[in-house]
Amino acid sequence: MTQKIAVLGTGKIGEALLSGMIRAGWSPSDLLVTARRAERAEELRSRHGVAAVTNAEAAKTADTLILAVKPQDMAALLGELAPHVPADRLVVSAAAGIPTAFIEERLAQGVPVVRVMPNTPVLVDEGMSVISAGTHATEAHLVRTEEIFQPVGKTLRVPESQQDAATALSGSGPAYFYYLVEAMTDAGILLGLPRDKAHDLIVQAAVGASVMLRDSGEHPVKLREAVTSPAGTTISAIRELERHGVRAALIAALEAARDRSRELASGGNG
Ligand SMILES: NC(=O)c1ccc[n+]([C@@H]2O[C@H](COP(=O)([O-])OP(=O)(O)OC[C@H]3O[C@@H](n4cnc5c(N)ncnc54)[C@H](OP(=O)(O)O)[C@@H]3O)[C@@H](O)[C@H]2O)c1
C-alpha cells in the first residue's frame, strides 16, 4: 500500500526532510506539504513537485503527519488538526521540547505519536535525529519514523525520559563546536594569522578530527594521545585547558542545557 506522508509547517527542518525523502526514492506524488503563507506553499510546489494542501486536508489524506512547526505554534496546529486525525494515523513531532503527552492529549484517543529531536546538520544530510515512542506508538511506527529521518543523517532511539539529555548533547551540540571554532579562530588571530586563514585551519582540523572520530572506531583519548608527544606543543595546550577547567565547564554547560530543556518541556518559561 502506498503510504502518503505530509509535512505540516514546512520550514527549514521540514524542507530538509522533504528533500531527503525525495532523494531516498519517495515519489513527490506521495508527499504533501502545508505552509502558513501562500508564497511559501508555491515555492515548495515548484522546487519539489509536491502538492501543498491545508492542514485539515493533510490530516485526512496522509498516513503519516510530520509536525515541523516551531514549539510555540504547536498548540494552535494541534487545535486545527484534532477533529481530522483518525486513530490509524502516525503523528511524528520534530518540535524541540514538546512531550508526546502534550500532543496525545490534544488528539483523539489512541493516536500513535513519535517524538524526534533532530539537529541542524540535517540540512547537509549529517544530522542526528533522536527518536522516542509515545504511549501508543509501536515498533512499526518507530521504524517508519526512522525511514523518514535516515536520509538526512543518523537516528538513535532513546526512552522519552532521556530526550532532555539528548537535546543537551545533540540538539544543541553543533553550537558548542561552532563556539569552539570561533574561540580558536580568535586564538589564531592572537598568534598573528589572518582571520580567513585561521578559520580555514580550524574548520579543517574540526572536519578531520570528526571524520577520524566517526570512522576509526578509536576512543577519543587514544586519538588525542597520538597527537600528544612528550614535552611537545599539544601537552602544553592541554595543561592550559585543564588549568582553566574546560572539561568541568563543558559538563556544567550540558547540565544547564538539559535543565533548560526540562523547564521548556514542562511549559515553564524559566
Ligand atoms: N532548526 C533547528 O535547529 C531545529 C533543531 C531541532 C528541532 N527543531 C524543531 O523543528 C521545528 C521546525 O524548526 P525550523 O527551524 O524548521 O522552523 P521554521 O523554519 O520556522 O519552520 C516552521 C514552519 O512552520 C510554518 N507554520 C507555522 N504554523 C503553521 C501552521 N499552523 N500551519 C502551517 N504552517 C505553519 C512556518 O510558517 P512561517 O514561515 O509563516 O513562519 C514555518 O515555515 C521546530 O519545532 C524546532 O523546535 C529545529
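Because the structure is predicted, anything quoted here is derived from the model rather than measured.

Draft legend 1. Examining the packing of helix α7 (residues 163-171) against helix α8 (residues 173-190) more closely. Running from N to C, α7 and α8 point in directions that differ by 35°, and their axes come no closer than 4 Å. Contact residues: α7 offers A168, L169, S170 and G171, while α8 offers G173, P174 and Y176. Within the contact of α7 with α8, the residues separate by chemical class into four nonpolar, three polar and no charged.

Draft legend 2. Quick peek at the pattern of salt bridges. Applying the stated rule across the entire model yields 21 salt bridges. For R157, the salt bridge identified is with E139, shortest N-O distance 2.9 Å. Of the two residues, R157 is situated in strand β8 (residues 153-157) and E139 in helix α6 (residues 139-149); the sequence distance between them amounts to 18 residues. We classify R157 as partly exposed; its relative accessible area is 35%. A salt bridge links R260 to E263; the shortest N-O distance between them is 2.8 Å.

Draft legend 3. Spatial organisation of the UniProt feature "binding site: NADPH" (unreviewed entry) in the protein. Sequence positions flagged by UniProt for "binding site: NADPH" (unreviewed entry) are, in local numbering, N55. When you line up the elements, N55 lands in helix α3 (residues 55-61). Ignoring anything within four residues of it in the chain, the contact list for N55 reads L8, T34, L77, E80 and L81.

Draft legend 4. Geometry of the sheet that holds strand β3 (residues 51-52). Here we have eight strands laid out as an open sheet, ordered β3-β2-β1-β4-β5-β6-β7-β8, and mixed in their pairing. One side of each edge strand has no neighbouring strand; the edge strands of this open sheet are β3 and β8. Both strand β2 (residues 31-34) and β3 contribute to a ladder of two bridges, which runs parallel. Across the sheet, V33 pairs through a bridge with A52, a residue of β3. Contacting β1 (5-8), β4 (64-67) and β5 (90-93), helix α4 (residues 74-81) crosses the sheet at an angle of about 155° to β4.

Draft legend 5. Expanded view of the layout of surface pockets. Taken as a whole, the second largest pocket holds about 910 Å³ of empty space. Together, 32 residues line the second largest pocket, and G9, G11, A68, V69 and K70 are the ones closest to its centre. When the residues that make up the lining of the second largest pocket are grouped by side-chain class, the tally is 15 nonpolar, ten polar and seven charged.

Draft legend 6. Up close: the site of the ligand. As a matter of local geometry, the ligand sits amid 22 residues, with I13, R36, R37, V69 and T120 nearest to it. One of the backbone N or O atoms of V69 is found 2.5 Å from an oxygen atom in the ligand. Contact between the ligand and A96: an oxygen atom at 2.9 Å from a main-chain N or O atom of the residue. Burial of the ligand by the protein chains amounts to 83% of its free accessible area of 900 Å².

Draft legend 7. Structural view of the UniProt feature "binding site: NADP(+)" (unreviewed entry) in the protein. Under the UniProt annotation, the feature "binding site: NADP(+)" (unreviewed entry) is placed at A68, V69, K70 and P71. Of the annotated set named above, A68, V69, K70 and P71 line the second largest pocket. Within the secondary structure, A68 sits in the loop between β4 and α4. Accessibility expressed as a relative area gives 18% for A68, which makes it buried. Assignment of secondary structure puts P71 in the loop between β4 and α4. The exposure class of P71 is partly exposed, given its relative accessible area of 31%. Beyond its immediate sequence surroundings of up to four residues, P71 is in contact with A95, A96 and I98.

Draft legend 8. Inspection of helix α1 (residues 12-23) at higher detail. Across its twelve residues, α1 extends 17 Å between first and last C-alpha, which sits within 8% of the 16 Å expected from 1.5 Å per residue. Turning to α1, its buried residues number three or more, namely G14, E15, A16, L17, L18, S19, G20 and M21. Looking one or two residues beyond α1, the residue adopting positive phi is G25, at roughly 110°.

Draft legend 9. Seen up close, the domain arrangement of the protein. In terms of domain boundaries, the protein breaks down into domain 1 (5-159) and domain 2 (173-265). In this assembly, seven residues from domain 1 lie in contact with five residues from domain 2. Buried area between domain 1 and domain 2, summed over both chains or domains, comes out near 390 Å², and the portion from carbon and sulfur atoms is 54%. One can count one salt bridge joining domain 1 with domain 2. Taken together, domain 1 and domain 2 are joined by zero residue pairs in polar contact (both at pLDDT 80 or more). Of the residues in the side of domain 1 that touches domain 2, the class split is two nonpolar, three polar and two charged.

How each quantity is defined
Residues numbered from 1 in each chain as written. Predicted model: local features only at pLDDT ≥ 70, side-chain atom pairs only at ≥ 80, totals over all residues. Heavy atoms only, no water. Axes fitted to C-alpha atoms, helices over the stretch in contact; angles between N-to-C directions. Helix = DSSP H or I, 4+ residues; strand = E, 2+ residues; numbered from the N terminus. Contact = heavy atoms within 4.5 Å. Nonpolar A, V, L, I, M, F, W, Y, C, P; charged D, E, K, R; others polar. Salt bridge = Lys/Arg side-chain N within 4 Å of Asp/Glu carboxyl O. Buried < 20%, exposed > 50% of the residue type's maximum accessible area, 1.4 Å probe, protein only. UniProt positions renumbered as here; feature names shortened; annotations may be inferred. Pairing = 2+ DSSP bridges. 1 Å grid on protein atoms, 1.4 Å probe; cavity = no way out; pocket = protein on both sides within 12 Å on 5 of 7 lines; lining within 4 Å. Points joined across faces, edges and corners; volume = space filled by probe spheres on them. Near = heavy atom within 4 Å. Polar contact = N/O pair within 3.5 Å; in protein donor to acceptor, adjacent residues only side chain to side chain. Areas by Shrake-Rupley, 256 points an atom, 1.4 Å probe, with all protein chains shown as cover. Expected span 1.5 Å × (residues − 1). Domains from an automatic or database assignment. Buried area = accessible area lost by both parts, 1.4 Å probe.

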